[in-house]
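# Commentary on secondary and tertiary structure
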Amino acid sequence: MPEIATISYPSSDKNQDSNLSNGNLHDDDQVDALPSENDEQNRPEWSNKLEFLMSCISMSVGLGNVWRFPFTAYENGGGAFLIPYLIVLFVIGRPLYYLEMALGQFTSRSSVKIWQISPIFKGIGIGQLVGTTSVVSYYVSLIALTAHYLFASFASELPWAKCEPSWGDNCVDSSQIASEPQSANSSELQRVSSSQIYFLDVVLKEKSQIDDGIGAPDWKLTLWLLLAWVIIFLVLVRGVKSSGKAAYFLAIFPYVVLIIILVRALTLEGAVDGLLFFIKPQWGELLNPKVWKEAVVQCFFSLAVGMGPVVMYASYNNFKHNSYRDAMIVTTLDTFTSLLGGMTIFSILGNLAHNLGIEDISKVVKSGTGLAFISYPDAIAKFDIVPQLFSVLFFFMLFVLGVGSAVALHGTLITAFWDTFPKRKYWHIALVLSIIGFCTGLVYVTPGGQWILELVDHYGGTFLIYVLAIFEMVAIFWVYGLGNWCYDLEFMVQRRVGLYWRLCWGLITPLFMIAVFIYSLVEYKWPTYSGQQYPDEALICGLIVFAIGASQVLIWAVWIVARDSTKESVWAKIAKASKPGPQWGPCADNTRKAWLKYKEEAKTRRDDLIYAKNHSPIVRKLCVLFGLYDDFIVQDSTNL
């Protein structure tokens, strides 16, 4: 990608008043000065560039890479799933990740404040906070479960390795190794492993139905939940000054453990069979739209796009930071980690199938929390060499992965409130929100908690976030304008925006996402838990969570238009509210001046070229999409 003409950035002072004008900078609009409000505090920055990169890695490389990706790949074509997953990464994941990273760095604002780019869409940022709140509420409860298993692993014998007398006659010791394969008609298939009984009956005390309620929180899990929230608060207590230091450990340690476990897993009998089972492609699944939908969902879950943490972390960057490089590193590393996690997990499951005498590895695979807290502990219990050590390493890795992602998600909420109430101390907001998060998380440590977790994840953590991401793409590239955003980005990173980014942002990514969303609606099925239907009341609650988040787009759009007291028509007010607000652009005064000057001169040169060529509106849009005008503009640009 060729470099853009060098731009000289004047020294910036974030304490200066932002009494500058901001233009209505649409592709076909004249620059129109607007007064700016001064409500920005002296925003802290990362101590160094590596802290930001490590924080992004610890955020994106999380629990989804280790247990969600392997099972999703298995369910959707095995090795063939990697093809749609990589395609989705390049046309949706990577463009969205780079966009959000650049947005945060360009404005030095939270995921709500960035919507000065088009104030009528402010509800997108508010709705994303609803989605982020939903995710972090149950995510920390999973960390609590890993903490329980971590400390239980220090026992002289793993507590789930052998059956207790009270667990029933059909219980089979997880430490037991089958001496011969089981037949399909064998009654052995009806038996239940001690690891499964331990997780469902001892740890969760799970209910088979929630028609009569979800029950009271378990006191032991409540303490583990409290511990998880205390650790998250301590990591975030000083903002990026403390979370940046912790990021080194949160980002690097999981790789050390993952590689150790992978090396050990590959030496186990049956590991190769498990590995082949994971990567063996089922080519027919490539034509199944469901596979592509699951690839998109996995990409969102893994990279944490559409929820605000990427914007939040990048908002603490220096304006000149090379965000392009970091976006490429993180998205590539995230995919590598998913593959590494898949190899590790299915090597272990291959050994588990071998030990149980089961030829079909799918018989030992359980999805979601079952994969992490039933299948893995069951396999570790069969290790003949210090299973406690591998159990401690495995669950400590999961704990660290969970904390890294939870810190980013919770930090997003804290930053959004801090930007709204800048006079409050950061740690005060962090403490209040952590207490609220702990109280909310109590619902997930009840006997019916896993039922609620699946429901909240479906409506608040997946469906809602995806819908808002579509609005995000449309608002920025079809309302604010692809050409405007490319000028902003080129000014900041001093790189030409290449054809790949223009085509993805302006056309491929939003259309792909809309197509997947339409397919999801057409093929929609009510969520279930372990194959069982939810009560109607529970489904209504899930729909309410989705409605609260999605309706923010309409509510805030109506409010912003309604508060315009001018005598203009409604359509004129909508058009005005769609244009950049007075605070859109870089925060620092001198950088903002240079940006306005650069953008106005670039727009003038582009307009002169348009009128000289006498292009039609359609041709003009195509020229912006393919960057044809900018080839002339950049070559003719002068240093600012």
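Shown above is the structure to which this text applies.
Here, residues in each chain are numbered from 1, in the same order as that chain's written sequence. Two thresholds apply to this predicted model, a pLDDT of at least 70 for residue-level local features and 80 or more for giving and counting side-chain atom pairs, whereas whole-chain, interface and lining totals are computed over all residues. Water and hydrogen atoms play no part in the side-chain values, which are based on all heavy atoms of the structure.

With that settled, consider the overall build of the protein chain. To qualify as a helix, a DSSP run of H or I must reach at least 4 residues; to qualify as a strand, a run of E must reach at least 2; elements of each kind are numbered from the N terminus. What the protein chain contains, in helices and strands, is 21 helices and 4 strands. Relative accessible area decides the class of each residue, using a 1.4 Å probe on protein chains only: under 20% of the type maximum gives buried, over 50% gives exposed, and in between gives partly exposed. When burial is assessed residue by residue, the protein chain has 59% of its 640 residues classed as buried. Carbon and sulfur atoms provide 62% of the accessible area of the protein chain, an area that totals close to 25,800 Å². Shrake-Rupley sampling with a 1.4 Å probe provides the accessible areas, and residues are treated as covered by the protein chains on show and by no other component.

All right, on to the state of the cysteines then. Disulfides are defined in this document as cysteine sulfur pairs within 2.5 Å. Using the criterion set out here, one finds 1 disulfide in the structure. Covalent S-S linkage joins Cys163 and Cys171, the inter-sulfur distance amounting to 1.9 Å. Because the sign of the S-S torsion sets the handedness, a value of about -90 degrees for the bond joining Cys163 and Cys171 places this disulfide among the left-handed ones. In this structure Cys163 comes out as partly exposed when scored by relative accessible area, which is 23%. A relative accessible area of 12% places Cys171 in the buried class.

Here we come to helix H3 (residues 82–107). For H3, with 26 residues, the first-to-last C-alpha span of 35 Å sits near the 38 Å given by 1.5 Å per residue. Of all the 26 residues making up H3, 21 are buried; the element is thus mostly covered by neighbouring parts of the structure. Positive backbone phi, approximately 55 degrees, marks Ser108, located one or two places after H3. Helix span, as expected, comes to 1.5 Å for every residue beyond the first.

It is the contact of helix H2 (residues 63–75) with helix H11 (residues 323–356), at a shortest axis distance of 8 Å, that shows an interaxial angle of 75 degrees. On the basis of their axis angle, the class for H2 and H11 is roughly perpendicular. Along the contact surface, H2 presents Asn65, Val66, Phe69, Pro70, Phe71 and Tyr74, while H11 presents Asp334, Thr337, Ser338, Leu339, Gly341, Gly342, Ile345 and Phe346. The residue classification treats Ala, Val, Leu, Ile, Met, Phe, Trp, Tyr, Cys and Pro as nonpolar and Asp, Glu, Lys and Arg as charged. All others, Gly included, are polar. Within the contact of H2 with H11, the residues separate by chemical class into 8 nonpolar, 5 polar and 1 charged. All axes here are fitted lines through C-alpha atoms, helices being fitted over the stretch that makes contact, and every angle between N-to-C directions spans 0 to 180 degrees. Note on terminology: angles under 35 degrees are roughly parallel, angles over 145 are roughly antiparallel, angles of 65 to 115 are roughly perpendicular, and the others are oblique. Any two residues whose heavy atoms approach within 4.5 Å at even a single point are treated as in contact.

Mapped onto the elements of the fold, Leu539 is located in helix H17 (residues 536–562). In sequence terms Leu539 and Leu455 are 84 residues apart; their C-alpha atoms lie 7.6 Å from each other. Those residues in contact with Leu539 that lie beyond four places of it in its chain are Leu455, Tyr459, Trp526, Pro527 and Tyr534.

Next up on the list: the packing of aromatic side chains. Paired rings are identified among Phe, Tyr and Trp, the last through its six-membered ring, by centres lying within 6.5 Å, and are further divided according to the angle between planes into stacked (under 30 degrees), edge-to-face (over 60) and tilted (the rest). Counted according to the given criterion, the structure contains 51 aromatic pairs. Seen in terms of ring centroids, Phe106 and Trp584 are 5.4 Å apart; in terms of plane orientation they differ by 45 degrees. Their pairing is tilted. Note that Phe106 is positioned in helix H3 and Trp584 in the loop between helix H18 (570–578) and helix H19 (589–613), a separation of 478 residues in sequence. Relative accessible area serves as the criterion here: at 0%, Trp584 is assigned to the buried category. Between Phe278 and Phe346 the ring centres are 5.2 Å apart and the planes differ by 15 degrees, which places this aromatic pair in the stacked class. Here Phe278 is found in helix H8 (residues 271–279), whereas its partner Phe346 is found in helix H11, with 68 residues between them in sequence. The residues Phe278 and Phe346 share a single accessibility class, namely buried. Grouped by ring-pair contacts, the aromatic residues Phe106, Phe319, Tyr480, Trp485, Phe491, Trp584, Trp595 and Tyr598 constitute a single cluster. Charges are assigned to positions over rings by a cutoff of 6 Å between ring centre and Lys NZ or Arg CZ, combined with an angular limit of 35 degrees from the ring normal. Above the face of the Phe383 ring, Arg264 is positioned so that its terminal group lies 5.5 Å from the ring centre. Positioned above the aromatic ring of Tyr324, the side-chain terminus of Arg495 is 4.4 Å from the ring centre.

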